[in-house]
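# Breakdown of the fold
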Amino acid sequence: MKMRISDLFYSCIMLFPIATLFQSKLEQINKILFAFLMLFFLAILVKRIRKDRVFFFMAILLVYAAAIFKTNGIAYNTNEYYYYPFAMVYLIFMTDNIDEVKEYILNSKGYVTSVLNIWTICVFVSLFLPSSYNSVWGGGRYFGSFCQSIFRFGPTGIFISGLAVCAMMVYDERRYFYYSILPLFTILMGGSRTYMLVELCAFMIAWYYFVDSKKKFYLSLIPVAVALFVILVNSSMMDKFNSVEDTKNSYFDYWGTITSGRSIFWVADIKHFRNAPFLEKVFGSGFNCVYDINQKAFGGKVWAHNDFIQCLVSHGILGLGIYITSVWQSLKSIRKKDAVPFICLVLLWFFNAFFNMFYTYFCSVLCLPLYVCALQYRKRRFNSDEDLSGE
């Protein structure tokens, strides 16, 4: 079978959770893969821009140009030059071509399974390597695999969970559910409360489709919750919860400690937006502004750790509107049926977007259409309100 450019594009997407695992060891690996991804993406995008999307894409270009214009010098984080525009265009493109995504997954079972196997084997091996652990918070030992950071590793686990549930639904094989267990276990060992919530949402989507019926799913929630609680209290996550307790040695006030400083620089970011000139409210203050604000308020050049605030400050009301529209376009096709997985998917995106960031983490953006594909496939194939397995 002749391989199309779109197949190369989707194949590149599948490699990112593996490439990201080794990004700290091979610094250029993600950049090289991204270059190929963009080459294939542009090649197919120019041929498939729908007429009703032209105005939307022009608005993205306008917001992007305004951010460059308002940025003094080079962006502190040069990745900012492609995070926002790529995420917005990618989500819209994948929404418009979701049937092709399903077709690719269906016709690429061997490749998809290999990606799941390679990631699983690599992460499992890394569990036994001392270099996979660090002590960022409160002296606890936190798992980061070969990434050595939960903030790089976490999105790869979310991606693999999405690919696993997509494979489970498209291939109608429950065995793919088991690929979602290791991401949950390892992310609980990573110490990030945000990724814990996000991965729990991902796991519940997979669990919902794994059980035979809705009745069994609801009955299983209590024992599953108890099992997860037992795992949680015996994991590194408890060290993280203990490390953010407000004590006399805390650097911040009560809420600043609990939120790891978010409540401090969020207030500063929102205050800046409220006081900004009208045009900056509409088009944003550029890529560097939020970093400068946070350095003054927090003592470090960090991004907002919140998509909505980051978009407001960097890209204005117009930029935030584009962002919300792009995400909603992805999610709206699955809103009418299967309420539990739909709510879980919305929360998966929202927790990530609100407490960490969604569009600045590549694997998080890339995998959202995989979850949508899985939920759409379920809606199309199985019509029974009770039976979830198709058996």
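Scroll up to find the structure this text is about.
Just so it is clear, the structure is predicted and the values come from calculations on it, not from any experiment. (Residues numbered from 1 in each chain as written. Predicted model: local features only at pLDDT ≥ 70, side-chain atom pairs only at ≥ 80, totals over all residues. Heavy atoms only, no water.)

Let's shift gears to the nonpolar core. Counting residues in each nonpolar core, the largest one holds 130 residues, and the members touching the most others are Phe9, Tyr90, Ile105, Tyr323, Leu345 and Tyr359. If near-sequence neighbours (up to four positions away) are discounted, phenylalanine 9 is found in contact with Leu37, Phe40, Phe41, Ile44, Tyr90, Phe93 and Met94. (Core = buried A, V, L, I, M, F, W, Y, C linked by side-chain atoms within 4.5 Å. Buried < 20%, exposed > 50% of the residue type's maximum accessible area, 1.4 Å probe, protein only. Contact = heavy atoms within 4.5 Å.)

Considering all chains together, one arrives at 10 salt bridges under this definition. Residue arginine 4 is joined to glutamate 103 by a salt bridge in which the shortest nitrogen-to-oxygen separation is 3.9 Å. You can see arginine 4 sitting in the segment before α1 (5-21) and its partner glutamate 103 sitting in helix α5 (residues 98-107), a full 99 residues away along the chain. Residues lysine 70 and glutamate 280 are paired through a salt bridge, measuring 3.0 Å at the closest nitrogen-oxygen approach. Residue lysine 70 is located in helix α3 (residues 54-70), and its partner glutamate 280 is located in helix α14 (residues 278-283); the two are separated by 210 residues in the primary sequence. Among the residues examined, lysine 70 registers a relative accessible area of 33% and is labelled partly exposed. Here the salt bridges do not stand alone but share partners, grouping Arg50, Asp52, Arg53 and Asp96 into one network. (Salt bridge = Lys/Arg side-chain N within 4 Å of Asp/Glu carboxyl O. Helix = DSSP H or I, 4+ residues; strand = E, 2+ residues; numbered from the N terminus.)

Scanning the entire structure with this criterion turns up 0 disulfides. Looking at the unpaired cysteine 166, the closest cysteine sulfur is the one in cysteine 373, lying at 3.7 Å. For cysteine 166, a relative accessible area of 0% corresponds to the buried category. (Disulfide = S-S within 2.5 Å.)

The next point concerns the environment of leucine 221. With respect to the helices and strands, the residue leucine 221 is situated in helix α10 (residues 214-233). When the C-alpha atoms of leucine 221 and tyrosine 208 are compared, they prove to be 9.9 Å apart, with 13 residues separating the residues in sequence.

Contact pair helix α6 (residues 109-126) / helix α8 (residues 181-188): the axes reach a minimum separation of 10 Å and the direction vectors enclose 35°. Like other packed secondary-structure pairs, α6 and α8 cross with a definite hand, here left-handed. Note on element contacts: α8 touches α6 through Leu182, Pro183 and Thr186, opposite Trp119, Thr120, Val123 and Phe124. Of the residues contributing to the contact of α6 with α8, the split by class is 5 nonpolar, 2 polar and no charged. (Axes fitted to C-alpha atoms, helices over the stretch in contact; angles between N-to-C directions. Left-handed = near helix turned anticlockwise from the far one by under 90°. Nonpolar A, V, L, I, M, F, W, Y, C, P; charged D, E, K, R; others polar.)

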